[in-house]
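Geometric and topological summary
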Amino acid sequence: MRVIEIKDLYKIYNGSSVEVKAVNGINLSVEEGEFTAIVGPSGSGKTTFLNLLGGLDKPTSGQVIVDGTNIWDLKSRKLIDFRLRNIGFVFQAYNLIPVLTAKENVEFIMQLQGRSKQEREIRTKELLNEVGLGDRLDSRPAKLSGGQQQRVAVARALASKPKFILADEPTANLDSKSTETLLEIMEKLNKEEKITFIFSTHDARVVKKARRVITIEDGQVLSDEAR
Amino acid sequence: MLFSISWRNIWRNKLRSAVIITAITLGLVAGIFAAALFKGMGDQRVEKVIKTELSHIQIHQPEFRQANEISNYISEANHLADEIRKNPNVKGVSERILIFSMIASAETAAGVKISGIDPENEKLVSDLNSKLIEGNYFEEQRRYPVILGRKLAEKLNVKLGSKVIITLQDMENNITAGAYRIVGIYDTKNNLFDEANVFIRDRDLRNLINLPEDACHEIAILVDDNENVPLVQKSIRTDHNDLETMSWLELSPEMSYLNEAMDLMMYIFIVIILFALLFGILNTMLMVVLERVKEIGMLMAIGMNKLRIFMMIVLETVMLSLTGGVFGILFGSLITKYFETHKIDLTVWGEAYSDVGYDPYAHTTLHPDLLVNITLMVIITGILASLYPAYKALKNDPADALRTE
């Protein structure tokens, strides 16, 4: 089943003298259950592409169709709600809410969705157990290692039951052991629960695990390789 | 969870929050203390007006207050006074004979109001007897005793035991005079009153002016509670509509204006303090929002809508302000409570307060409604201070915000 369809996507920044084509006419689609890596050198347009996909940055032209809806046809309020219900985010710098515990960080997104307290509590425990943090429910981010924080971020991204998860260089700040653990968890979730992952990365270990690798350079798809 | 996030956010930078909370606390302590002092002084002034000068209700012949003619007397006054004494809300009734006349010492003379009183009845209505600083309250059986104020005694250059001459017009419009011996000197701390009021026994004055027995010019009534004044006034008016029955507020409307002006002044004072604090709070919250650009961007990205972001900042600001507010109200109330019983000596400003009728030994009065209003004002201040920072937070673009370091 097709989860995302991208048609003629452009993002052009008009600087004072030069025009920068950060995303320059990308067309592709993503099927349910994919484990896709977006790779490319720095400044190739990976992060911009993920932002356009996640409804965070408005494209100059083109369409991002998720489940039959072009997300860029939605008004600002509807788009925020769409993100809340359909897209999970994992950021490079973890970006957890520092004043909330691991459990509360995961629960928070479900509360924004208006889910019942009972459902929230059960799912939060399940997810944190799944990412191996069942014993750190009440720890605040400052008390967790980078790898543990990123695992909480993955649990948070999954909490809203999204159609897909966008991860922008999720292992960039992690040591090799933490990277290994995180990748194992993401792979397991992908295989067992058919969670669609799309992540940008520089990391060869991450690329090795991906089952589809899209290489972007100068805002264009250079290669799209299924493994 | 929004409440929880907002509350915990306050304590992320403890020093910064403590500084602004301390500023709010000190501002409110100053505001509450000043407001309670204004209120206390106002209440003291009103109490003095009632207990020393006017009593709660006065009855006169309708024309008496305009012309002060001694012929405009209330006849059968004793009967009327006894009737009023039967009212369970009435604490005391005093019949007074009033004449504006001249009092002279060996050195000089002054225009005064002479009140002829029955000492025992007057005791139930006014606190003159407790204001004596020298002599006694008509206790010795001397002939023609007089009690006058300290300020008047100084003016006439007389002292206890000195003789003064009171010159007045009798019922037949003849000029008559009487020599009186000073048996008491009082000090109400209101120089205006003390300079202008002289008290002698009613029978002495009655004989001097040939006023009929059972007649007087004024019946002064003290009621058990200020709240019951309209009730008692109404019952007297109903039974004796030929007489003028006025409450202290009608007799001295400036007291009511003064009270209202005091209330207004104290609220203006608090508003000025809160207005200054508003900018401090606004500055703190702007710093908070600028520091958390990335975090706000992340919240927007994961699906927190603008209303919730806005509410998060408003809640944080209101809670921050209210924390200072609670401490301010607590410490302000404690300090004010202390000065309710421990009077503040304002005599360092000489007789300035006494000269305008205020007690120079002031106490504070704290009304619970002031605290409720201050709490509401702090919440409003918090909301106002939060609007611009909350607006700034909404202006964040999630993609840009997430890129910031």
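Residues numbered from 1 in each chain as written. Chains lettered and ligands numbered in written order. Predicted model: local features only at pLDDT ≥ 70, side-chain atom pairs only at ≥ 80, totals over all residues.

What to know about the overall build of chain A
Using the following cut-off: Numbering of helices and strands runs from the N terminus, with a helix taken as a DSSP run of H or I at least four residues long and a strand as a DSSP run of E at least two residues long. Radius of gyration here uses only the C-alpha atoms, and the compact-globule reference equals 2.2 Å multiplied by the residue count raised to the power 0.38. Contact between residues is assigned whenever the C-beta positions, reconstructed from backbone atoms, fall within 7 Å.
A count of helical and extended segments in chain A gives 7 helices and 10 strands. Whereas a compact globule of 227 residues would reach a radius of gyration of roughly 17 Å, chain A reaches 17 Å, a difference of no more than 12%. Taking the principal axes of the C-alpha coordinates as reference, chain A spans close to 50 × 40 × 40 Å. Taking contacts inside chain A between residues at least 6 apart in sequence as the whole, the part at least 24 apart equals 71%.

Looking at the sheet that holds strand 1 (residues 2-14) of chain A
All names here are of chain A. Inclusion rule: Each pair of strands is called paired provided DSSP finds at least two bridges between the two strands. Comment: axis = line fitted to C-alpha atoms, over the contacting stretch for helices; angle = value between 0 and 180 degrees taken between N-to-C directions.
Across the sheet, 4 strands lie side by side as 2-1-4-5; this open sheet has antiparallel pairing. Two strands bound the open sheet, and with one partner strand each, they are strand 2 (19-31) and strand 5 (69-70). Contacting strand 1, strand 2 and strand 4 (61-66), helix 1 (residues 46-53) crosses the sheet at an angle of about 55° to strand 2.

Some words on the interface of chain B and chain A
In plain terms, the rule: Each residue is assigned to one class: nonpolar for Ala, Val, Leu, Ile, Met, Phe, Trp, Tyr, Cys and Pro, charged for Asp, Glu, Lys and Arg, and polar for all the others, Gly among them.
Opposite the 16 residues of chain B that make contact, chain A presents 19 residues. Top element by residues in the side of chain B that touches chain A is helix 12 (residues 293-302) of chain B. It accounts for 5 residues. Here the residues of the side of chain B that touches chain A are counted per class, giving 10 nonpolar, 3 polar and 3 charged.

Description of the environment of L183 of chain A
All names here are of chain A. We count it as follows: Residue burial here comes from a neighbour count, namely the number of other C-beta atoms, placed from the backbone, that lie within 10 Å of the residue's own C-beta, with 20 or more meaning buried, 12 or fewer meaning exposed, and in between meaning partly exposed.
For L183, the location among the structural elements is in helix 6 (residues 176-193). C-beta crowding within 10 Å serves as the criterion here: with 21 such atoms nearby, L183 is assigned to the buried category. Sequence spacing of L183 and G43 is 140 residues, and the spatial spacing of their C-alpha atoms is 24 Å. The contacts of L183, once residues within four sequence positions are left out, are R205, V206 and K209.

Concerning the packing of helix 3 (residues 102-112) of chain A against helix 5 (residues 146-159) of chain A
All names here are of chain A. Here is the rule: For classification purposes, an angle smaller than 35 degrees is called roughly parallel, one larger than 145 roughly antiparallel, one from 65 to 115 roughly perpendicular, and anything else oblique. A crossing counts as left-handed when the near helix is turned anticlockwise from the far one by less than a right angle, and as right-handed when that turn is clockwise.
Where helix 3 meets helix 5, the closest approach of the two axes is 8 Å, and the angle between their N-to-C directions is 20°. Comparing their axes, helix 5 and helix 3 come out roughly parallel. Crossing of helix 3 over helix 5 shows right-handed handedness. Taken together, the residues of helix 5 that come into contact with helix 3 (itself represented by A102, N105, V106, I109 and M110) are V152, A155, R156 and A159. By residue class, the composition of the contact of helix 3 with helix 5 is 7 nonpolar, 1 polar and 1 charged.

Observations regarding the confidence of the model for chain A
Quick reminder of the rule: As a per-residue quantity, pLDDT reports the predictor's confidence and falls between 0 and 100.
Taken residue by residue, chain A gives an average pLDDT of 90. The fraction at 70 or more is 100%. Across chain A, element-level confidence peaks in helix 3 of chain A with a mean pLDDT of 94 and bottoms out in helix 6 of chain A with 86.

What to know about unusual backbone geometry
Despite not being glycine, E169 of chain A shows a phi value in the positive range, around 45°. Here E169 of chain A is to be found in the loop between strand 7 (164-168) and helix 6.

What about helix 4 (residues 77-85) of chain B?
Residues and elements named next belong to chain B. The following threshold applies: Along the arc lie the directions from the helix axis toward the C-beta atoms.
Buried within helix 4 we find A77, L80, A81 and I84. Projected down its long axis, helix 4 carries its buried residues within an arc of 100°, all on one side. For helix 4, the exposed residues lying more than 90 degrees away from the buried face are H79 and D82. Taken together, the buried residues of helix 4 touch strand 2 (90-104), strand 9 (218-223) and helix 9 (229-239).

Considerations on the sheet that holds strand 8 (residues 196-200) of chain A
All names here are of chain A. Taking strand neighbours across the sheet as the criterion, the 6 strands line up as 6-7-8-3-9-10 in an open arrangement whose pairing is mixed. Of all strands in the sheet, those with a lone pairing partner are strand 6 (87-90) and strand 10 (220-226), marking the two edges. For this sheet, the mean inter-axis angle between neighbouring strands, taken without regard to orientation, is 15°. Examined bridge by bridge, strand 3 (residues 35-39) and strand 9 (residues 212-217) share 4 bridges and lie parallel to one another. By the bridge assignment, I38 is partnered in strand 9 with I214.

With respect to the domain arrangement of chain B
Residue and element names in this part refer to chain B. Stated precisely, the cut-off is as follows: Each domain span listed reflects an automatic or database assignment of domains.
In terms of domains, chain B is made up of domain 1 (2-49 + 255-403) and domain 2 (62-242). With 7 residues of domain 1 at the interface, the matching set in domain 2 holds 5 residues. Looking at the side of domain 1 that touches domain 2 residue by residue, the class counts come to 1 nonpolar, 2 polar and 4 charged.

Side note on the pairing of strand 1 (residues 57-60) of chain B
When a strand is regular, its side chains alternate between the sheet's two faces. Residues and elements named next belong to chain B. Of the two faces of strand 1, the one lined by I57 and I59 and the one lined by Q58 and H60 are each fully buried. Pairing of strand 1 with strand 10 (residues 244-247) involves 4 bridges; the strand directions are antiparallel. Bridge pairing in strand 10 places Q58 opposite M246. One ladder, built from 3 bridges, connects strand 1 with strand 9; its direction is antiparallel. Note that in strand 9 the partner of Q58 across the bridge is A220.

A closer look at the packing of helix 5 of chain A against helix 6 of chain A
Working note: a packed helix pair is described by the angle between its axes plus the distance between those axes. All names here are of chain A. At a closest axis distance of 9 Å, the pairing of helix 5 and helix 6 adopts a crossing angle of 15°. Comparing their axes, helix 6 and helix 5 come out roughly parallel. As for how helix 5 packs across helix 6, the hand of that crossing is right-handed. Contacts between helix 5 and helix 6 involve G146, G147, Q150, R151, V154 and L158 from the first element and S178, T181, L182, I185, M186 and L189 from the second. Among the residues making up the contact of helix 5 with helix 6, the classes are represented as 6 nonpolar, 5 polar and 1 charged.

Here we look at the confidence of the model for chain B
Residue-level pLDDT values for chain B average 91, and 99% of them are 70 or greater. Overall fold confidence (pTM) sits at 0.79, and the ipTM for the predicted complex is 0.90.

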